[in-house]
Amino acid sequence: MPESEDRTLLKVERLVKHYPILGGVFLKPVAFVRALDGVSFQMAEGETLGLVGESGCGKSTLGRAILRIEEPTSGSVWFEGENLLELPSERMRRIRKRMQIIFQDPFSSLNPRKTVSQIVGEPLLVHGVHSQKEREDRVMELLELVGLRREHLRRYPHQFSGGQRQRIGVARALALHPKLVVCDEAVSALDVSIQAQVINLLKDLQQMMGLTYLFISHDLGVVEYISDRVAVMYLGKIVEIADKSMLYRTPRHPYTQALLSASPVPDPDSARNRKRILLKGDVPSPIDPPSGCRFHPRCPYAMARCSQEEPPLAPISPGHLAACFLTSENAFST
Ligand code: SF4
């Protein structure tokens, strides 16, 4: 890693992921879906960064591109001092032990024909733990860690509730002692009461094991509860990033303000109970995103300049960055 950022675990620089759309007789690319368009941020060891935005904004693609489940088009991803996008596949396979993902739908991400013992033990087998006894001991340890019991070892995924299945997904993700865990809508498919249990489990495990989470969700309430910092994405770009309390109390980007104004707040006296901001129109297509600031066709504050120039993601106060001309000019407040 170029600078001396001791606690930096992950540094993403100008990450791009474009998917070609093939057409014509020779099936050549005729256009590109610009799912990620120059995303940069970093994460410190042990922190939780929440990643929010409407569906299709690129947040899941970002999680997958970091782990190279989806191969990025360009940019760099520094993890523990190595640029993952330059690593040969064998080295990447080893590093992937330290970076895991928990998916949204625990049912479809668990093989229905395998027992819990096989599912959780699989990463151990793939990474060279050949002794069955050793594997089973570790699986048992992991199941206890996530609140499951010995009798669950020989059961199949369909014999568990949604919350228990997600616990199995968490156990599998932790099998190889990861440093970074991408939680991709990890609690979105669960009932609210079960969501709280799994989130508290994730928090406890983080404390115990020093884990770093990239927590992707469309649920602003859940993200507020679990995150230290929050990044807001719109059409393949980060438009605002800040400490959780700063972002939720004083959102500066008009898109963040609109998102938060639409999110229910349990406390009726909360400062977050601000007037609902209704956005014009739908999210534009990532195949042909608007010029200049991508948010300009929907932004209530848009000026002529906004359709011509792209605002950079720039600091507006320590640790608080936003991509908006008005924040850089300090011309409006919340
Ligand atoms: Fe709105 Fe312009 Fe700011 Fe974009 S740069 S968010 S269009 S005011």
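Up top you'll find the structure we're talking about.
Just so it is clear, the structure is predicted and the values come from calculations on it, not from any experiment.

Parameters and conventions
Along each chain, the written sequence defines residue order, and numbers are assigned to residues from 1. Predicted model: local features are reported for residues with pLDDT of at least 70 only, side-chain atom pairs are reported and counted for 80 or more only, and whole-chain, interface and lining totals are derived from all residues. Values shown for side chains rest on all heavy atoms present in the structure; no hydrogens or waters enter the calculation. A run of H or I in DSSP counts as a helix once it spans at least four residues, and a run of E counts as a strand once it spans at least two, with each numbered from the N terminus. Three labels apply to residues, based on accessible area from a 1.4 Å probe with only protein chains included: buried if under 20% of the type maximum, exposed if over 50%, partly exposed otherwise in between. Grid spacing is 1 Å over the protein atoms alone, the probe is 1.4 Å, and a cavity is where that probe fits but cannot get out, while a pocket is an open set with protein on both sides within 12 Å along at least five of seven lines and lining residues have an atom within 4 Å of a point. Grid points are joined across faces, edges and corners, and a volume is the space filled by probe spheres set on the points. Classification convention: Asp, Glu, Lys, Arg as charged; Ala, Val, Leu, Ile, Met, Phe, Trp, Tyr, Cys, Pro as nonpolar; all other residues, Gly among them, as polar. The rule for pairing is simple: two strands pair if DSSP sees at least two bridges between them. Note on contacts: a residue pair is in contact if any heavy atoms of the two residues lie within 4.5 Å. In protein, a polar contact requires one atom able to donate a hydrogen and another able to accept it; more generally it is a pair of N or O atoms within 3.5 Å, and residues adjacent in sequence count only if both atoms are side-chain atoms. Residues are classed as near a molecule or strand on a simple rule: at least one heavy atom within 4 Å of it. The way we define it, a molecule is inside a pocket or cavity when more than half of its atoms are within 2 Å of that pocket's grid points.

Turning our eyes to something else, we now look at unusual backbone geometry. Negative phi characterises most residues that are not glycine, and trans characterises most peptide bonds. The phi angle at Leu-27 is positive, at roughly 45 degrees, despite the residue not being glycine. Here Leu-27 lies in the loop between β1 (8–23) and β2 (28–44). Its identity is not glycine, yet Glu-185 carries a phi of approximately 50 degrees, on the positive side. Positionally, Glu-185 belongs in the loop between β7 (180–184) and α7 (192–209). Taking relative accessible area as the criterion, Glu-185 reaches 9% and is therefore assigned buried.

Scanning the entire structure with this criterion turns up one cavity of 30 Å³ or more. Looking at the largest cavity, its volume works out to about 90 Å³. When the residues that make up the lining of the largest cavity are grouped by side-chain class, the tally is 13 nonpolar, one polar and no charged.

Another point: the sheet that holds strand β4 (residues 74–79). The sheet built from four strands is open, its strands ordered β2-β1-β4-β5 with antiparallel pairing. Looking along the sheet, the strands with just one partner apiece sit at the ends: β2 and β5 (82–83). Strand direction decides the pairing type here: β4 and β5, joined by two bridges, are antiparallel. In the sheet register, Phe-79 faces β5, and the bridge partner there is Glu-82.

We now examine the environment of Glu-54. Here Glu-54 shows up in the loop between β3 (48–52) and α1 (59–66). For the pair Glu-54 and His-218, spaced 164 residues apart in the sequence, the C-alpha separation amounts to 6.3 Å. For Glu-54, the contacting residues outside a window of four places in its chain are Lys-59, Tyr-234, Tyr-255, Leu-259, Val-283 and Arg-298. At a separation of 2.7 Å, a polar atom in the side chain of Glu-54 contacts the side chain of Tyr-255.

Take the layout of surface pockets next. Each pocket or cavity is described by its volume, and for the largest pocket that value is around 380 Å³. Forming the walls of the largest pocket are 17 residues, and the residues nearest its centre are Arg-96, Gln-100, Pro-123, His-127 and Leu-176. Its residues placed into classes, the lining of the largest pocket shows nine nonpolar, three polar and five charged. Looking at the second largest pocket, its volume works out to about 220 Å³. If you go around the second largest pocket, you meet 18 residues; those closest to its centre are Lys-237, Ile-238, Glu-310, Pro-311 and Ala-323. Only β2 and β10 (237–243) provide two or more residues apiece to the lining of the second largest pocket. The greatest single-element share of the lining of the second largest pocket, amounting to four residues, is contributed by β2. Residue composition of the lining of the second largest pocket, grouped by class: ten nonpolar, four polar and four charged.

Another aspect to go through is the site of the ligand. By nearness alone, 13 residues border the ligand, and Cys-293, Cys-299, Cys-306, Cys-324 and Phe-325 come closest of all. Cavity membership is defined here by more than half of the atoms lying within 2 Å of grid points; on that basis the ligand lies in the largest cavity. Residue composition of the shell around the ligand, by class: eleven nonpolar, two polar and no charged.

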